[in-house]
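Listed below are the residues making up each chain.
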Amino acid sequence: MIYEMYVDSSASIEKFGFGFIFSSHWEPVKEEFGALTFIYGTIVSSFMALLMSLPISIGVAIFLSELVHKSVRTSLSFLVEILAAIPSIIYGFWGIFVLAPFMRTTIQPFLQSVFGFLPFFQGTMYGTGLLTASIILAIMITPIITAITRDVLKAIPVAQKEAAYALGATRWEGIKMALLNARSGILGGAVLGLGRAIGETMAVTMVIGNKAQIMASFFEPAYTMASVIANEFAEASNEMQISALIEVGLILFGVTFIVNSMARLLIYSVTRNSQ
Amino acid sequence: MTAEKIFKNPKNLKRRKFINSLMIFLCFVAAVLTILPLLYIFIYTTQSGISALNIDFFTQLPKPVGEEGGGMANAIVGSGILIGLGGLIGIPIGIMSGIYIAEYSKSFLAGAIKFTTDVLSGVPSIVVGIFAYGVVVLAMQSFSAIAGGFALGILMIPTVTKITEEMLRLVPHSLREASLALGVSRWKTTVKVVLKTASSGIITGVLLAIARAAGETAPLLFTAFGNSFWQTSIDQPIAALPLQIFVYAISPYEDWHRQAWAGAFVLIFMVFIVNFLVRYVTRNKFG
């Protein structure tokens, strides 16, 4: 698979070399291609999504594994699983028609009035853009991180927590200790979620605004690696453009491959002992 | 340790109790925050979907902009064909590699396969689409249902493999030993005893993979490509439900949006049913 993609993108690799990654020009008409804007959009949107989703996911995982009664737990876990199974196109659709208007009329004016002095929150409010895409991504990766955090927490021996309680620790202190012991597994879950966010295509394409530019503001439209492929591939006008798009795909593949391998190793390091 | 000092100080105790209830409250808030968008999406899609849903949706072809009515019949059939083709490729390969990993887990190859499937499940679906484009579309010189099915098949493999492996591991060892002790060969034991015992679990896994493939859009954009007419031959571009939703959703027409909501409702409903079924079957069996 890697080989096939390398061959298909070789024309572009030969022409642009390493400059491909660092150039921000993307002009199909002039046959000039550089992927920096897309890499920037991908990284910023994925990391923002992770920042939003990680605390919430850990909270839900604790809630599910430690705090609630078993009957509530099964139905709640089921709901979270369904959240993971909804096709991304539906998230995108919902993002355009519900989240984007809500962002434009409520969230973005609020952020601008409070944090307006920062460059991140200036500019026109379109509703779609980097921030909206990040929120959608955060909703989508929360179930993944939650599921893994829950599994990792389960792998921590109960005796440890009981020992802490016996010493007079409060419930949260016991949980905190379990979290500390499970940290590399949770990190693995987070990295796995990051990998998913990097590769997510449809939902992001629909709400990010699709404009090849690097702007400081989170309100501005941007572009990610996956969405540029989705938008331009089928209607690419010349061989060079297709080749460049495949190279973008190759970069995307490489990044997710590394991210996922790291995540698997981290998770494995925690759950190994419990099996 | 200093634990004793910390635990016995009454002032500390108050603070610790406060932090305790605060954090537990925050966990609760997190759970609500996660469930909220789910319910919102589900209710919103159902509301907008049901009002737009009628018999025409399932029986009519898409109509041009401006004309009333029309449906997504071709997209539904197209999705069916694509999933069928994907299943033909993905299910046998997935089940067989699952068997290999579970039954012959000591070999180095099994470990390598396991790692590869784990990584494959993390590969973005659009990258799989590019791969299918390179292998099938370029070779055939045309967008086609085969290319789309090929992409979906690859996407199904990791899910099916994983579930098969897990289900086979749940089959008690004594069953295998009993069969082997009766002089049955290893292969026959696997097929007739182990696989049969685990079959309901594997079927649910396959259903899960199908539900996921049914919602995939990204890899179909430039493999199956979409088509607004009846098309059932597999070497031609073909319509698919999620593709149609995508095209309609980003269009500026009110009428198309309603159609797209109806499509989204059909998809979400299917996903829900499959997940519910899976949950029901696995609980009875392995509770």
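Nothing here was measured: the structure is a model prediction, and the numbers come from that model.

Visitor: So what's going on with a nonpolar patch on the surface? Residues and values would help.
Guide: Taken together, the side chains of Phe18(B), Ile19(B), Leu22(B), Phe25(B), Leu26(B), Phe28(B), Val29(B), Val32(B), Leu33(B) and Leu36(B) present a nonpolar region at the surface, about 890 Å² in accessible area. Counting through the fold element by element, Phe25(B) comes out in helix α2 (residues 10–52).

Visitor: Could you give an account of the packing of aromatic side chains, naming the residues involved and the relevant values?
Guide: In total, this model carries eight aromatic pairs over all chains according to the counting rule given. Seen in terms of ring centroids, Phe93(A) and Trp261(B) are 4.0 Å apart; in terms of plane orientation they differ by 20°. Their pairing is stacked. With one member in each of two chains, Phe93(A) in helix α5 (residues 88–115) and Trp261(B) in helix α12 (residues 254–286) form a pair that bridges those chains. Across the pair, Trp261(B) and Phe93(A) agree in class, each one buried. Measuring from ring centre to ring centre gives 6.1 Å for Tyr40(B) and Tyr44(B), while their planes differ by 85°; the resulting arrangement is edge-to-face. Of the two residues, Tyr40(B) and Tyr44(B) both sit in helix α2, four residues apart, roughly one turn of that helix.

Visitor: Explain empty space enclosed by the protein to me, using residue names and the numbers behind them.
Guide: The gaps of empty space that remain are located by a probe, the size of a water molecule, rolled over the atoms. All names here are of chain B. Tallied over the full model, the rule gives two cavities of 30 Å³ or more. What the second largest cavity holds in volume is close to 40 Å³. If you go around the second largest cavity, the residues you meet are Ser79, Leu82, Ile83, Leu152, Ala213, Ala214, Glu216, Leu220, Ala240 and Pro242. When contributions to the lining of the second largest cavity are tallied by element, the ones reaching two or more residues are α4 (73–103) and α10 (199–215). At three residues, α4 tops the list of elements feeding residues into the lining of the second largest cavity.

Visitor: I'd like a rundown of the interface of chain B and chain A, residues and numbers included.
Guide: Listed as interface residues are 57 residues of chain B and, on the opposing side, 59 residues of chain A. Between chain B and chain A, the buried area comes to about 5,600 Å², and carbon and sulfur atoms account for 81% of it. Connecting chain B to chain A are zero salt bridges. There are zero residue pairs in polar contact (both at pLDDT 80 or more) connecting chain B and chain A. Broken down by secondary-structure element, the contributors of at least two residues to the side of chain B that touches chain A are α2, α5 (108–120), α6 (125–140), α11 (241–249) and α12 of chain B. Examining the composition of the side of chain B that touches chain A, we find that 18 residues originate from one element, α2(B), more than from any other. Across the side of chain B that touches chain A, the residue classes break down as 44 nonpolar, 10 polar and three charged.

Visitor: Explain the pattern of salt bridges to me, and be specific about the residues and the numbers.
Guide: Residues and elements named next belong to chain B. Within this structure, the stated rule accounts for two salt bridges over all chains. For glutamate 103, the salt bridge is made with arginine 176, and the minimal N-O distance between the two is 3.0 Å. Taken as a pair, glutamate 103 in helix α4 and arginine 176 in helix α8 (residues 173–181) lie far apart in primary sequence, 73 residues in all. Note on glutamate 103: relative accessible area 11%, which makes it buried. In this structure, arginine 169 and glutamate 165 form a salt bridge, with 3.0 Å as the shortest nitrogen-oxygen distance. Here arginine 169 pairs with glutamate 165, and both are found in helix α7 (residues 145–170), just four residues apart, close to one helical turn. Classification of arginine 169 as partly exposed rests on a relative accessible area of 44%. Glutamate 165 gets classed as buried once you look at its relative accessible area, which sits at 7%.

Criteria and thresholds
- Residues numbered from 1 in each chain as written.
- Chains lettered and ligands numbered in written order.
- Predicted model: local features only at pLDDT ≥ 70, side-chain atom pairs only at ≥ 80, totals over all residues.
- Heavy atoms only, no water.
- Patch = residues over 30% accessible without salt bridge, like charges linked within 9 Å, V, L, I, M, F, W, Y side chains within 5 Å.
- Areas by Shrake-Rupley, 256 points an atom, 1.4 Å probe, with all protein chains shown as cover.
- Salt bridge = Lys/Arg side-chain N within 4 Å of Asp/Glu carboxyl O.
- Helix = DSSP H or I, 4+ residues; strand = E, 2+ residues; numbered from the N terminus.
- Phe/Tyr/Trp six-rings, centres within 6.5 Å; stacked < 30°, edge-to-face > 60°.
- Buried < 20%, exposed > 50% of the residue type's maximum accessible area, 1.4 Å probe, protein only.
- 1 Å grid on protein atoms, 1.4 Å probe; cavity = no way out; pocket = protein on both sides within 12 Å on 5 of 7 lines; lining within 4 Å.
- Points joined across faces, edges and corners; volume = space filled by probe spheres on them.
- Contact = heavy atoms within 4.5 Å.
- Buried area = accessible area lost by both parts, 1.4 Å probe.
- Polar contact = N/O pair within 3.5 Å; in protein donor to acceptor, adjacent residues only side chain to side chain.
- Nonpolar A, V, L, I, M, F, W, Y, C, P; charged D, E, K, R; others polar.

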